[in-house]
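Examining the three-dimensional arrangement
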Amino acid sequence: MSCTDARYSFELYPPRTERAAAALPATIDRLAAVHPDFISVTYGAGGSSRTASLDVLRYIIERTDVSAMAHLTCVGSSHEEAHRLIREFLDAGIRRFLAVRGDPPADLPAGEDGIGDIRTTAELVQLIHRVQAERAPYGELSVPGLPAQAVLQHREHVQIAVAAFPNGHPSSHSISQDIDALLAKQAAGANLGITQLFFHAEDYLHFAQRAAEAGVTFPILPGIMPVTSPARLKRMLELSGEDLPSDLAIELEVEPTDEGRREIGIDWAARLGRRLLDGGAPGLHLYTFNQHEAVLSMLDRIGVLPEGGAEHTHTPKKPATEKETA
Ligand code: FAD
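The text that follows walks through the structure, step by step, so that each part is easy to find. (Residues numbered from 1 in each chain as written. Predicted model: local features only at pLDDT ≥ 70, side-chain atom pairs only at ≥ 80, totals over all residues. Heavy atoms only, no water.)

**With respect to the packing of helix H3 (residues 79–91) against helix H4 (residues 121–135)**
In contact at an axis separation of 10 Å, H3 and H4 are set at 60° when each is read in the N-to-C sense. By the angle class used here, H3 and H4 are oblique. H3 and H4 meet at a crossing whose hand is right-handed. Contacts between H3 and H4 involve His79, Ala82, His83, Ile86, Arg87, Leu90 and Asp91 on the former and, on the latter, Leu124, Leu127, Ile128, Arg130, Val131, Gln132, Glu134 and Arg135. Its residues placed into classes, the contact of H3 with H4 shows seven nonpolar, three polar and five charged. (Axes fitted to C-alpha atoms, helices over the stretch in contact; angles between N-to-C directions. Helix = DSSP H or I, 4+ residues; strand = E, 2+ residues; numbered from the N terminus. Parallel < 35°, antiparallel > 145°, perpendicular 65-115°, else oblique. Left-handed = near helix turned anticlockwise from the far one by under 90°. Contact = heavy atoms within 4.5 Å. Nonpolar A, V, L, I, M, F, W, Y, C, P; charged D, E, K, R; others polar.)

**Some words on the sheet that holds strand S9 (residues 220–221)**
In spatial order, the strands read S9-S8-S7-S4-S3-S2-S1-S11-S10; together these nine strands make up an open sheet with parallel pairing. Both edges of this open sheet fall to S9 and strand S10 (223–224), since each of them pairs with a single strand only. The pairing of S10 with strand S11 (residues 284–287) spans two bridges and is parallel. Bridging across to S11, Ile224 finds its partner in Leu286. Where H3 meets the sheet, its contacts fall on strand S3 (68–72) and strand S4 (96–99), and the angle it forms with S3 comes to roughly 170°. (Pairing = 2+ DSSP bridges.)

**Quick look at the site of the ligand**
As a matter of local geometry, the ligand sits amid 24 residues, with Tyr43, Asp103, Thr121, Asp178 and Lys185 nearest to it. Taking Gly102, its main chain carries an N or O atom lying 3.0 Å from an oxygen atom of the ligand. Between the ligand and the protein, one listed contact pairs an oxygen atom with a side-chain N or O atom of Thr121 at 2.7 Å. Computed on the free molecule, the ligand has an accessible area of 950 Å², of which 81% lies beneath the protein chains in the complex. For the shell around the ligand, the elements supplying multiple residues, two or more each, are helix H5 (175–188) and strand S8 (192–195). Residue classes in the shell around the ligand are distributed as nine nonpolar, eleven polar and four charged. (Near = heavy atom within 4 Å. Polar contact = N/O pair within 3.5 Å; in protein donor to acceptor, adjacent residues only side chain to side chain. Areas by Shrake-Rupley, 256 points an atom, 1.4 Å probe, with all protein chains shown as cover.)

**Some thoughts on empty space enclosed by the protein**
Enumeration over the complete set of coordinates arrives at one cavity of 30 Å³ or more. If you trace the largest cavity, you find it lined by Cys74, Val75, Val100, Arg101, Ile115, Ile118, Thr120 and Leu124. Within the lining of the largest cavity, the residues separate by chemical class into six nonpolar, one polar and one charged. (1 Å grid on protein atoms, 1.4 Å probe; cavity = no way out; pocket = protein on both sides within 12 Å on 5 of 7 lines; lining within 4 Å. Points joined across faces, edges and corners; volume = space filled by probe spheres on them.)

**Focus on the nonpolar core**
Generally speaking, nonpolar side chains in soluble globular proteins are found buried as a group. Phe10 and Phe89 are the most contacted members of the largest nonpolar core, which has 87 residues in total. Top contributing element to this core by residue count: helix H9 (residues 258–278), with eight residues. Beyond its immediate stretch of four places on either side in the chain, Phe10 contacts Leu31, Val34, Pro36, Phe38, Ile39, Ser40, His285, Leu286, Thr288, Val295, Leu296 and Leu299. (Core = buried A, V, L, I, M, F, W, Y, C linked by side-chain atoms within 4.5 Å. Buried < 20%, exposed > 50% of the residue type's maximum accessible area, 1.4 Å probe, protein only.)

**Things to note about the side chain of Thr64**
Position of Thr64 relative to the elements: it lies in the loop between helix H2 (50–63) and S3. A polar contact of 2.6 Å, which involves the side chain of Thr64, links it to the backbone oxygen of Ile60. There is a polar contact of 3.1 Å between the side chain of Thr64 and the backbone nitrogen of Val66. Other than its neighbours up to four places away in sequence, Thr64 contacts Ile28, Asp29, Ala32 and Tyr59.

Here it is as structure tokens:
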């Protein structure tokens, strides 16, 4: 794919402090200004509530022209609770979901797994489709050129993305198991994959190829982020369970200034993004950590932002060179 045609999307999480909540609208506005395919909002991760996710999603729907994607997990819920939750998100205008199973609390009494009634992500995908079908079984579609009463009936569909793990989910025994899980999610009606964070283009490219060979037909977006400090890198490794990319870790450790570390992280991510797009990735999904500057600088450096995109960032446009992408 030519880099100028490349698509991108962003992930946000609901703010956890008043200060973060006050800063988020400006970040959303800056991200929305570069016309991403969608902005996704996490759910339940880090103890955030349903209301907190919905508040951010509503801001995206009501105040921007960007499509909002709601992460949804029903871990620990009864069937009725899950049904109610999905309906609430649909009623709020959400038509794009990222269905994830979620993680139960670690400190459960022996014999309890805390998963709840919805045992797998595939079941959650099916349930979202079912609730949507019950809620809006048919819509009217007027046909241009035909009398006003001539309408076609159609069903409004939702997009359901699911998580993919290029280096295996921590509980998985093999990559084949992860690809089988993706196939199960596809059979349930998922139509997009978004990967867990990873640090090497080959991890994604090999995984995407194996998934396609096994019969996964939906696009799989690589999820990446600019890591601009050793603390951020450490946190990402804890969250993702990925192996430490030692070259990046050393570069960040030896660089004495914050500005220098930021540059290293943005450049590193821009090279990774370019290699993924050159290798055939259908786009890039960026974990923003609720900060727009680093991801916009990175996209600008790859050369994928729309005309005038550099104005949305605070660093000058610098397309990745041949050497950087080698
Ligand atoms: P699955 O992919 O269904 O299962 C994980 C692994 O278990 C599979 O890869 C496979 O190895 C194995 N497995 C599952 N089903 C089967 C089966 N039928 N047969 C064999 N093996 C199987 N968590 C949150 O709480 N909130 C969020 O907003 C959130 N967003 C996320 C976004 C992304 C892009 C990613 C990658 C993860 C996110 N998570 C989130 C984390 C997610 O909840 C965890 O990964 C959780 O441990 C599993 O959920 P899952 O949907 O990934 O599970």
